[in-house]
Amino acid sequence: MAKITLCVLEALASVITLMGHAVDAKSVYAHYMGKFDNVAKIGTVTEGSGHAELDIDQAQALGIEAFAMNIGQPSQPWAQSTVKQLFDKADQTGFKLFFSLDFYQTGDVNAYTQIVSDYINRESYLKTGPDNLPVVSTFSVGGVSPQDFQTWKQNNYDGKIYFLPNADTSSGYDNPETWFQQWGDVVDGVFGWETAWPAPGQTPANVSDAVDTAVQNAAHNVGKTYMAPLSSLQFKKCCGGNYYRIGEANLPQRMSQLLALNPDFVEVLTWSLTNSKNDAGESHYIGNNWAEGLTEEILAYSNTDIWPHYDWQPLIASFISAYKEGRDASGMTPPEGSEAVGAMWYRPVLKDASCQKPDNWQSAVDAVNYGIVVGSDASSLSIRVTSGGEVIRETPAQPGLNYGSVPGIKTGKQTVELVKDGSSILTATSTVDVVETNEDCFFNFHVVGLK
Ligand SMILES: *[C@@H]1O[C@H](CO)[C@@H](O)[C@H](O)[C@H]1NC(C)=O
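Residues numbered from 1 in each chain as written. Predicted model: local features only at pLDDT ≥ 70, side-chain atom pairs only at ≥ 80, totals over all residues. Heavy atoms only, no water.

### Side note on the overall build of the chain
Here comes step 1: Each helix and strand in the chain was counted, giving 10 helices and 19 strands.
Here comes step 2: For the chain, whose C-alpha radius of gyration is 22 Å, the value lies close to the compact-globule estimate of 22 Å for 451 residues.
Here comes step 3: Projected onto its principal axes, the C-alpha coordinates of the chain cover approximately 65 × 65 × 45 Å.
Here comes step 4: Going through the 451 residues of the chain one by one, you find that 58% of them count as buried.
Here comes step 5: Partitioning the intrachain contacts of the chain with sequence separation of at least 6 by distance along the chain shows that 76% fall at a separation of at least 24.
Here comes step 6: Put simply, the chain shows about 17500 Å² of open surface, and 51% of that area lies on carbon and sulfur atoms.
Here comes step 7: Charged side chains of the chain number 28 positive and 51 negative; the gap between the two group centres comes to 2 Å. (Helix = DSSP H or I, 4+ residues; strand = E, 2+ residues; numbered from the N terminus. Rg over C-alpha atoms; globule rule 2.2 N^0.38 Å. Buried < 20%, exposed > 50% of the residue type's maximum accessible area, 1.4 Å probe, protein only. Contact = heavy atoms within 4.5 Å. Areas by Shrake-Rupley, 256 points an atom, 1.4 Å probe, with all protein chains shown as cover. Lys, Arg positive; Asp, Glu negative; His and termini not counted. Charge placed at Lys NZ, Arg CZ, Asp CG, Glu CD.)

Rendered as structure tokens:
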């Protein structure tokens, strides 16, 4: 009996999935940077290193379906080599890839025609929408007009592109209804970027979904899709820039927001870092920053031996399965067989540090941050945050996603514990002590998983 019911449910689920596919793909992608945009160290993409392949295996394990390959120098041999390595691997594994044309680097849309043509017919090129068309996204639209994009699509691909540009710096975007009147003929959907974080500023702030909601509503009203961005922080100290953008509990807070918003697609910003003009070294990686693709300046605060962000990945995986199954943040679950999964993260210097601080350091909060996903029975669990030997918060755990940014971080050691009936069952312990100040002045986070 139970088995029959299950079969019927499965059949129903696949019908729903099929129907849903046309309008409602619910897929998560990750912005992949670093090796197409290597303006500093030409020719360092090492074929045979296994790096591109490992990136795909790891992303796929999280439930990420595709990389958006940020490409800004399409005719350079190192870019072409990386693209080829990724496609060769993806063709074998069922992972997908699509181009994100970086108009900050190369503003002429025709410069991308050849590379797009070379790859859109590959097995692993991402296709979506009712007509199952190859997806092309962008980082900004530069100075390219809707008419220019239309001509490019029509002349080179017979119009058969699912065009999903990041257009949030284009004029009129703040009035999405009007924007779609201008762009609606050429786009199939639109992708936000800036809404992944609060606007840059000098006071603490929470991320908002107001713009996402307005754009998504306008998109749906005209039969288009919306791809929402998910990210952690921005801290950059390279390439002539030094700035901070919140940060703190942004990643889990945004997860919670996106599960409520339920956009058509989500793009994680970013898998890796890059030297390029677009978002060089901004610290929002969740995967590998391969040393061969990055400058010493960037690696100083983002090499993944000392500054790994891998422990955000289990949270991302839990987010992805909740998103695909239409659950909200309270319905996020740890992997089967585990009681909880999560991480703590913190900045190793205080914001009053007397060093060369990033712009907008004032918006940072001296806090211990965490995100912990707990299973359905949370009744005997609590979350305890200890900073410099002092308990600064203990709070009952709830089923699903728990997160916090607990102010009052002290110098020294940091721990976040999951406590059951008074004893600690999982602990995240700082890898590097917090200090009042140091010479580096890096505002990147140390991210440590609960073990
Ligand atoms: C951000 O949101 C949290 C609740 O999630 C709230 O406690 C906090 O005060 C908010 N911060 C700001 C600056 O609005």
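### Points about the sheet that holds strand S14 (residues 381-387)
Here comes step 1: Across the sheet, four strands lie side by side as S15-S14-S17-S18; this open sheet has antiparallel pairing. The sheet is open, and its two borders are formed by strand S15 (390-396) and strand S18 (423-429), each paired with just one other strand. Averaged over all neighbouring strand pairs, the angle between strand axes comes to 20°, with direction disregarded.
Here comes step 2: The sheet contact formed by S14 and strand S17 (residues 414-420) spans seven bridges and is antiparallel. (Pairing = 2+ DSSP bridges. Axes fitted to C-alpha atoms, helices over the stretch in contact; angles between N-to-C directions.)

### As for the site of the ligand
Here comes step 1: Close to the ligand lie Pro204, Ala205, Asn206 and Gln253, which account for all nearby residues.
Here comes step 2: One nitrogen or oxygen atom from the side chain of Asn206 is found 2.4 Å from an oxygen atom belonging to the ligand.
Here comes step 3: The protein chains hide 32% of the 360 Å² of surface that the ligand would expose on its own.
Here comes step 4: Its residues assigned to classes, the shell around the ligand comprises two nonpolar, two polar and no charged. (Near = heavy atom within 4 Å. Polar contact = N/O pair within 3.5 Å; in protein donor to acceptor, adjacent residues only side chain to side chain. Nonpolar A, V, L, I, M, F, W, Y, C, P; charged D, E, K, R; others polar.)

### So, helix H6 (residues 176-183)
Here comes step 1: Of the residues making up H6, those classed as buried are Pro176, Trp179, Phe180 and Trp183. Along the axis of H6, the buried residues cluster in a sector spanning 100°; they form a single face.
Here comes step 2: Of the surrounding elements, those touching the buried residues of H6 are helix H5 (146-157), strand S7 (189-191) and helix H7 (210-221). (Arc of directions from axis to C-beta.)

### Re the domain arrangement of the chain
Here comes step 1: Per the domain assignment, the segments making up the chain are domain 1 (24-301) and domain 2 (333-449).
Here comes step 2: Averaged C-alpha coordinates put domain 1 and domain 2 at centres separated by 29 Å.
Here comes step 3: The partner domain 2 presents 23 residues to the 23 residues of domain 1 that form the contact.
Here comes step 4: Of the roughly 2000 Å² buried at the junction of domain 1 and domain 2 (both faces included), carbon and sulfur atoms supply 59%.
Here comes step 5: The interface formed by domain 1 and domain 2 includes one salt bridge.
Here comes step 6: The salt bridge involving Arg347 is made with Glu248; its shortest N-O contact spans 2.8 Å.
Here comes step 7: If you look at where domain 1 meets domain 2, you find 12 residue pairs in polar contact (both at pLDDT 80 or more).
Here comes step 8: Mapped by element, the contributors of at least two residues to the side of domain 1 that touches domain 2 are strand S9 (234-238), strand S10 (241-245), helix H8 (250-261) and helix H9 (296-302).
Here comes step 9: Per element, the largest residue contribution to the side of domain 1 that touches domain 2 is four residues, and it comes from H8.
Here comes step 10: A class-by-class count of the residues in the side of domain 1 that touches domain 2 yields 13 nonpolar, eight polar and two charged. (Domains from an automatic or database assignment. Buried area = accessible area lost by both parts, 1.4 Å probe. Salt bridge = Lys/Arg side-chain N within 4 Å of Asp/Glu carboxyl O.)

### Re the state of the cysteines
Here comes step 1: Here the structure, examined in full by the defined rule, presents two disulfides.
Here comes step 2: Sulfur-sulfur distance for the disulfide between Cys238 and Cys239 comes to 2.3 Å. The S-S bond linking Cys238 to Cys239 shows a torsion near -85°; that makes this disulfide left-handed.
Here comes step 3: Its relative accessible area of 1% is what places Cys238 among the buried residues.
Here comes step 4: Disulfide pairing is shown between Cys355 and Cys441; the S-S distance is 2.0 Å. Taking the sign of the torsion about the S-S bond as the criterion, the disulfide between Cys355 and Cys441, at about 70°, is right-handed. (Disulfide = S-S within 2.5 Å.)

### Some points on the nonpolar core
Here comes step 1: The biggest cluster of nonpolar side chains holds 113 residues, and the ones touching the most others in it are Phe67, Phe99, Val116 and Phe319.
Here comes step 2: Two domains each provide a minimum of three residues to this core, namely domain 1 (24-301) and domain 2 (333-449).
Here comes step 3: Residues Ile372, Ala378, Val385 and Val416 belong to the second largest nonpolar core, which totals 22 residues. (Core = buried A, V, L, I, M, F, W, Y, C linked by side-chain atoms within 4.5 Å.)

### Let's talk about H7
Here comes step 1: The first and last C-alpha atoms of H7 sit 17 Å apart over 12 residues, in line with the 16 Å expected at 1.5 Å per residue.
Here comes step 2: Residues Asp212, Val215, Gln216, Ala218 and Ala219 constitute the buried set of H7. Seen along its axis, H7 keeps its buried residues to an arc of 165°; they face one direction.
Here comes step 3: The elements touched by buried residues of H7 are H6, S7, strand S8 (225-231) and H8.
Here comes step 4: A positive phi of about 75° marks Gly223, the residue just after H7. (Expected span 1.5 Å × (residues − 1).)

### Side note on the sheet that holds strand S13 (residues 367-374)
The strands that make up a sheet pair up through hydrogen bonds in the backbone, lying either parallel or antiparallel.
Here comes step 1: Ordered by their spatial adjacency, four strands build an open sheet running S16-S13-S12-S19, and the pairing between neighbours is antiparallel. The open sheet has two free edges, formed respectively by strand S16 (400-407) and strand S19 (446-449), since each of these has just one partner strand. Averaged over all adjacent pairs, the angle separating strand axes in this sheet is 15°, with direction ignored.
Here comes step 2: Strand direction decides the pairing type here: strand S12 (residues 340-346) and S19, joined by four bridges, are antiparallel. Residue Ala343 lies in a different strand from S19, and its bridge partner there is Gly449.
Here comes step 3: The strands touched by H8 within the sheet are S12, S13 and S16, with S16 carrying the most contacts at an inclination of about 140°.

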